[in-house]
Amino acid sequence: MKTKILSFSLTLICSLTLMAQRTTTLRTNNFEAVLCDNGGLFQDYQGVGKLTIKSPGGQRIMTNGLLWIGAYYNNAQYIAMQKGYNPDFDPLGSKTDFHTGPISNDFNDPNYINQFVKLWQISRIDIDYHNAHFKEANYLMHSTIRDWPAHGDTNRGEAFYLAPFHDLDSNGIYEPSLGDYPMIRGDEAVYMIFHDLNRDIAFSDTNSMGLEIHLMVYAFDQAQVYHLNNSLFLNYRIINRSNRSYEQFSTNFYEWLSVGVGWNDLIGSDSSRAMIYAYNRDSTDFGYKGFGNYPGAVAVYDLDYKANGSLYYNNYIPTVDTNTYYPRNKNHYFNLIQGRWRNGEVLRLDNPSGLYDTLNGEGYQSSPPFSPQTNWVYNDQNNWYNSPNKSEITDCLLRYTKPSFPPGDTICWNLAISYANDSADLNPFASVVKLKSKSDALRAFYQAQNYDCQTYKIGLDEKATLPQIQVYPQPAQGYLQIEAPYPLQRVELYRLDGQKCLSLVGNQKKIQVHCAGLASGIYILRMESKEGEPQTKKILIQ
């Protein structure tokens, strides 16, 4: 008999007395995501999975999302992990390598606790209201705008520039009463800062890595656009504040993908999309909070194509323990983080036999003849799929490995989590096909936003200091007039699904865009010049 190991995140370590301040739920679109200030994603304090979709009926699509990081320094292994439940180490789920706040010399300072032991949630509407009213005498500022963690206390050893902000007067200091405001992505965002330096009980049983991590979870309120309504974005910034130059620095996003009832799910990867996904083995998903017919599919993927591998392990206490099952010690964890099975064996392209074929191997081979080594598990680009008789509770890892990570360097990792459902085809993999198509549209939309990877060392939004481009009328009826204080080399118009509608090339300050033939809706206008990075604006065409 197999016993399921429940996997739950580090949110349990958050003080129950501060729960209201230290957890929140992001409900901007069709997703409902519980978030904790230490970066533990998608679980509540009872260990129940809390990345669900509102429609059709509150079904779960992921149980947790955690960072697993590992690297070498002077041939020694270093690990920093947000952990899931493991009975060999921590039956109460109380241990963690990460704690809330930036790296500091005094984590017990009441001012530090008051300033940083929390998370920050703000919407675009809140920011727009602030911009319109901050000069008014009776204006009541939103608490997140007021308390935005733009700066640390250098007297406590903290970095001065932390969270990004728009600096209206370009003096390098966050002053919301003078019009400065948080720099967020999406229509609503949750920001959190955490680190691995203050390890009270080191779960991974290794020395601290000296990492400070900033995470922005954001979403778009676009109910009419399928891929935006059914996606969540994660923007990780991992800063090496140690004096070590790490080698083979591997960052993993650990997730328990679960399409409704998780016992009959299959997983797969698409290396061409830097993606790992899960779908139902059968055409029905019955049980508590199951999808019924047409269960859908869920994926995690790297929006910048940085991810270079994926892996899984079976999350059971098996009758006969094998090396594809859950890790039991720190060496097991380190091997998984580096893209190997827990005993150090490499992943093999194991008898790829096509979709739903039971002859597909699981990727583990301990004796010759060996199949070729690979980095992506169940990679459909190699015709390799999860065998339908191997549908178990599987924990998945999406991996990005850098050869080196020197002191002071920053890794920017942008991920998306998406759900899709093909209600016209009972073949469960049809939802994966739709999911891939929607992920392509989402990635095109993301790329059109021109987000840059802030280092948080400057703290200024360079684009905000450029003279603003005027676009009118709003909403547009038949045409758009663009007036810029400098020549524009290229103007492009995109639909929200990422499709380019038009492109104009020239060198003019005034440009008229004819849009009479375009369908009514919201579009993204992208304008390029030699003055700096491209600017984008949302416009409404009627």
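Quantities reported herein were computed from a predicted structural model and do not represent experimental measurements.

Participant: Hey, could you run me through the pairing of strand E23 (residues 410-420) in this one?
Facilitator: Regular strands place their side chains on alternate faces of the sheet. In terms of burial, E23 is a largely internal element, eleven of the eleven residues being buried. Across the two faces of E23 the burial is the same, with Thr410, Cys412, Asn414, Ala416, Ser418 and Ala420 and Ile411, Trp413, Leu415, Ile417 and Tyr419 all buried. Where strand E13 (residues 231-240) meets E23, nine bridges bridge the pair, whose relative direction is antiparallel. When the sheet's bridge partners are listed, Asn235 is paired in E23 with Asn414. Note: strand E19 (residues 297-302) against E23, six bridges, orientation antiparallel. Looking across to E23, one finds that Ala299 is bridged to Ser418.

Participant: Sorry, what's going on with helix H7 (residues 429-448) here?
Facilitator: For an α-helix the count is 3.6 residues per turn, leaving residues at separations of three or four pointing the same way. Spanning 20 residues, H7 covers 29 Å between terminal C-alpha atoms, matching the ideal 28 Å at 1.5 Å per step. Asn450 occupies a position one or two residues after H7 and carries a positive phi of about 55°.

Participant: Would you take a moment to explain the packing of aromatic side chains for this structure?
Facilitator: By convention here, two paired aromatic rings are described through the distance between centres and the angle between planes. Within the structure shown, the criterion is met by 33 aromatic pairs. Ring centres of Tyr78 and Tyr246 lie 5.8 Å apart, and the angle between their planes is 65°; this geometry places the pair in the edge-to-face category. Linking Tyr78 in strand E6 (residues 76-81) with Tyr246 in strand E14 (residues 246-257), this pair joins segments that are 168 residues apart in sequence. Each of the two residues, Tyr78 as well as Tyr246, counts as buried. Between Tyr312 and Tyr378, the ring centres sit 5.5 Å apart and the planes meet at 15°, which makes this aromatic pair stacked. Residue Tyr312 is located in strand E20 (residues 309-314), and its partner Tyr378 is located in the loop between helix H6 (330-337) and strand E22 (394-405); the two are separated by 66 residues in the primary sequence. Here Tyr312 and Tyr378 have matching classes, each one buried. Geometry around Tyr226 places Lys434 over its ring, the cationic atom sitting 4.4 Å from the centre. In this arrangement the basic side chain of Arg443 is found over the ring face of Tyr305, its NZ or CZ atom lying 4.0 Å from the centre.

Participant: What is the right way to look at the nonpolar core in this model?
Facilitator: Note that soluble globular proteins tend to have their nonpolar side chains buried in a common cluster. With 74 residues, the main nonpolar core has Leu41, Phe42, Trp68, Tyr236, Phe249, Phe253 and Ile417 as its most contacted residues. Among the elements that take part in this core, strand E5 (residues 60-73) stands out by supplying seven residues, more than any other. Membership of the second largest hydrophobic core comes to 49 residues, among which are Phe107, Met141, Tyr385 and Ala448.

Participant: Sorry, what's going on with the pairing of E5 here?
Facilitator: E5 sits mainly inside the fold: eleven of its 14 residues count as buried. Pairing geometry for strand E4 (residues 51-53) and E5, over two bridges, is antiparallel. Of the residues in E5, the one forming a bridge with Leu51 is Met62. Remark: six residues form the turn of the hairpin made by E4 and E5, two consecutive strands paired antiparallel; Gly58 in that turn has positive phi of roughly 75°. Direction of pairing for E5 relative to E14: antiparallel, over a ladder of eight bridges. The residue bridging Ile69 from the neighbouring strand is Thr251, located in E14. Here E5 pairs with E6 via six bridges, running antiparallel.

Analysis parameters
- Residues numbered from 1 in each chain as written.
- Predicted model: local features only at pLDDT ≥ 70, side-chain atom pairs only at ≥ 80, totals over all residues.
- Heavy atoms only, no water.
- Buried < 20%, exposed > 50% of the residue type's maximum accessible area, 1.4 Å probe, protein only.
- Helix = DSSP H or I, 4+ residues; strand = E, 2+ residues; numbered from the N terminus.
- Pairing = 2+ DSSP bridges.
- Expected span 1.5 Å × (residues − 1).
- Phe/Tyr/Trp six-rings, centres within 6.5 Å; stacked < 30°, edge-to-face > 60°.
- Lys NZ or Arg CZ within 6 Å of the ring centre and 35° of its normal.
- Core = buried A, V, L, I, M, F, W, Y, C linked by side-chain atoms within 4.5 Å.

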